Structures are given as C-alpha cells and as structure tokens.
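Read off the chains here:
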Amino acid sequence: MKKRILVSQIVALAVILLARPASWMFFAAGVSVMALGQLIRVLASSAIVKSKTLTVTGPYAAVRNPLYLGTAFMVLGLLISLSNPQAPLRTALAWLVTVVSFTLIYRVQIKAEEEFLLAAYGAEFERYRRRVNALLPRPAAVPEFFNGSAYSREIFRRNKEWRGFLGMAAVAAIVAARIQYGF
C-alpha cells in the first residue's frame, strides 16, 4: 500500500503546520527519539530481503514489524519535537490526529502484509507469528538486534532506507526553523 506513504506525508505536513513548536528542549528530545527510530529502520532494512524469503533473524527475531516500530519511534519523536506546553490544545490535537492516523494506516498495512506472508509461507509464517509480537519486541530476543550476521550492506543499499535519513533531516530542519523564527 504505497498510498500509506503519501497519506502519512500529508498527515505529517498537516500536523507540522497545526503545531506551534517553541521549545529547543522538546526539539532535542524529539530528534533523539527520531534518531532511535531511524536506527531501528536502518537495522531492519539491512536484514530484510523483501518478497524473496521470510526474514526471521536480526530485528525480525524480536519483532515482526521492526520497520514500523522504527517508524513509530520517528513519529513519537516528531510529536515530542512539536509539543508546546503553552499551546496545549494544538499539541493535544496534533497528538490525537497523528496517533489515530498512524494506528489506522499501519493496522491496515500490517494486516495486508500478514495475509500475503501467510499465503506465501503458510505454516512457517504461522509459527513465526505465534512466536514473535507484531510491534512490541520480545525482551528475550532484543539481543538479536545486535547479531551482526543478520545484516547486509548490499541489502540496505537495495532497500533505499537512506531516503529515511533525508526525510528525517528535512522534518527536523522545518521544525527547527519554526522554533527559531516563530512561524
């Protein structure tokens, strides 16, 4: 569902315009959380061979959807950076719109992907789905994030996750400019 990316971008733009960020402290905290999310996405995109195999190593041993987990941290970071205690209604509305949108978009996306994986991998996927949570990592499997053998520079390059860095940098720059210049 590539429409999810367009819809997510429209929601993010609307939320950025709606919010009145004013705090460098919130900005720094938010960018830190966004960076954690981007790191999770980098690890996930360095491990997954899309539509060719059922990836169950690295971050996929801890959580079925580490790319979306990373995205959730990036969204959380954006919301933190946009938060403004002097504008509580705008802040609350930004959080509400974003959380509802994110939940709806990714619930549909995960369901569609899991239907595809079940059709493609059958019992193998069903065993994996019973063992590994969709979005909350299993604590015992978190060390798998650090299993270097699960990652490939070539796979990372093919999955084009570098675009996420550009998007994160652009969003951070826009929020910083809004704080600096008060627009």
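Conventions adopted
Residues numbered from 1 in each chain as written. Predicted model: local features only at pLDDT ≥ 70, side-chain atom pairs only at ≥ 80, totals over all residues. Heavy atoms only, no water. Helix = DSSP H or I, 4+ residues; strand = E, 2+ residues; numbered from the N terminus. Rg over C-alpha atoms; globule rule 2.2 N^0.38 Å. Buried < 20%, exposed > 50% of the residue type's maximum accessible area, 1.4 Å probe, protein only. Contact = heavy atoms within 4.5 Å. Areas by Shrake-Rupley, 256 points an atom, 1.4 Å probe, with all protein chains shown as cover. Expected span 1.5 Å × (residues − 1). Salt bridge = Lys/Arg side-chain N within 4 Å of Asp/Glu carboxyl O. Core = buried A, V, L, I, M, F, W, Y, C linked by side-chain atoms within 4.5 Å. Phe/Tyr/Trp six-rings, centres within 6.5 Å; stacked < 30°, edge-to-face > 60°.

Q: Talk me through the overall build of the protein; I want residue IDs and the actual numbers.
A: Helix and strand counts for the protein come out as 7 helices and 0 strands. Starting at the N terminus and walking to the C terminus, you meet the elements of the protein as α-α-α-α-α-α-α. Over its C-alpha atoms the protein spans a radius of gyration of 17 Å, differing by no more than 12% from the 16 Å that the globule rule assigns to 183 residues. The principal-axis extents of the C-alpha atoms in the protein amount to approximately 55 × 30 × 30 Å. The buried share of the protein, reckoned over its 183 residues, is 42%. In the protein, of all internal contacts separated by at least 6 residues, the share reaching a separation of at least 24 is 82%. Counting only carbon and sulfur atoms, one obtains 69% of the accessible surface of the protein, whose full area is about 10300 Å².

Q: Could you give an account of the environment of valine 97, naming the residues involved and the relevant values?
A: Counting through the fold element by element, valine 97 comes out in helix 5 (residues 88-131). Sequence separation of valine 97 and alanine 14 is 83 residues, and the distance between their C-alpha atoms is 9.3 Å. Contacts of valine 97, omitting those with residues within four sequence positions, involve Val11 and Val15.

Q: Break down helix 7 (residues 162-181) for me, citing the residues and quoting the values.
A: A turn of α-helix holds 3.6 residues, and therefore any two residues three or four places apart point the same way. The end-to-end C-alpha separation of helix 7 is 29 Å, in line with the 28 Å expected for 20 residues at 1.5 Å each. Its buried side turned inward, helix 7 meets helix 1 (3-18), helix 2 (24-45) and helix 4 (66-82). Within two residues after helix 7, glycine 182 carries a phi angle of roughly 65°, on the positive side.

Q: I'd love a proper account of the pattern of salt bridges, names of residues and values included.
A: Tallying each qualifying case throughout the model produces 8 salt bridges. Notably, a salt bridge pairs arginine 129 with glutamate 126, separated by 2.6 Å at the nearest N-O pair. Here glutamate 126 and arginine 129 lie together in helix 5, a separation of 3 residues that amounts to about one turn. Looking at arginine 129, the relative accessible area reads 26%, which means it is partly exposed. Here arginine 157 ties to glutamate 154 by a salt bridge, and the two come within 2.5 Å at their closest N and O atoms. Here glutamate 154 and arginine 157 lie together in helix 6 (residues 153-159), a separation of 3 residues that amounts to about one turn.

Q: Describe in detail the nonpolar core, supporting the description with residues and values.
A: Buried together is how nonpolar side chains tend to be arranged in soluble globular proteins. Counting residues in hydrophobic clusters, the biggest one holds 16 residues, and the most contacted among them are Val15, Phe27, Leu78, Leu82 and Val175. Those elements that provide at least two residues to this core are helix 1, helix 2, helix 4 and helix 7. Per-element tally for this core: the top contributor is helix 7, with 5 residues. Leave out the neighbours within four places in its chain, and valine 15 touches Leu79, Leu82, Ala94, Val97 and Thr98.

Q: Tell me about the packing of aromatic side chains, residues and numbers included.
A: Under the definition given, this model contains 4 aromatic pairs. Taking 4.6 Å as the distance between ring centres and 35° as the angle between the ring planes, the aromatic pair formed by phenylalanine 102 and tyrosine 106 counts as tilted. Pair noted here: phenylalanine 102 and tyrosine 106 are both in helix 5, with a separation of 4 residues, about one helical turn. In this pair, the class of phenylalanine 102 matches that of tyrosine 106, namely buried. Connected via pairs of aromatic rings, a cluster forms that spans Tyr68, Phe102 and Tyr106.

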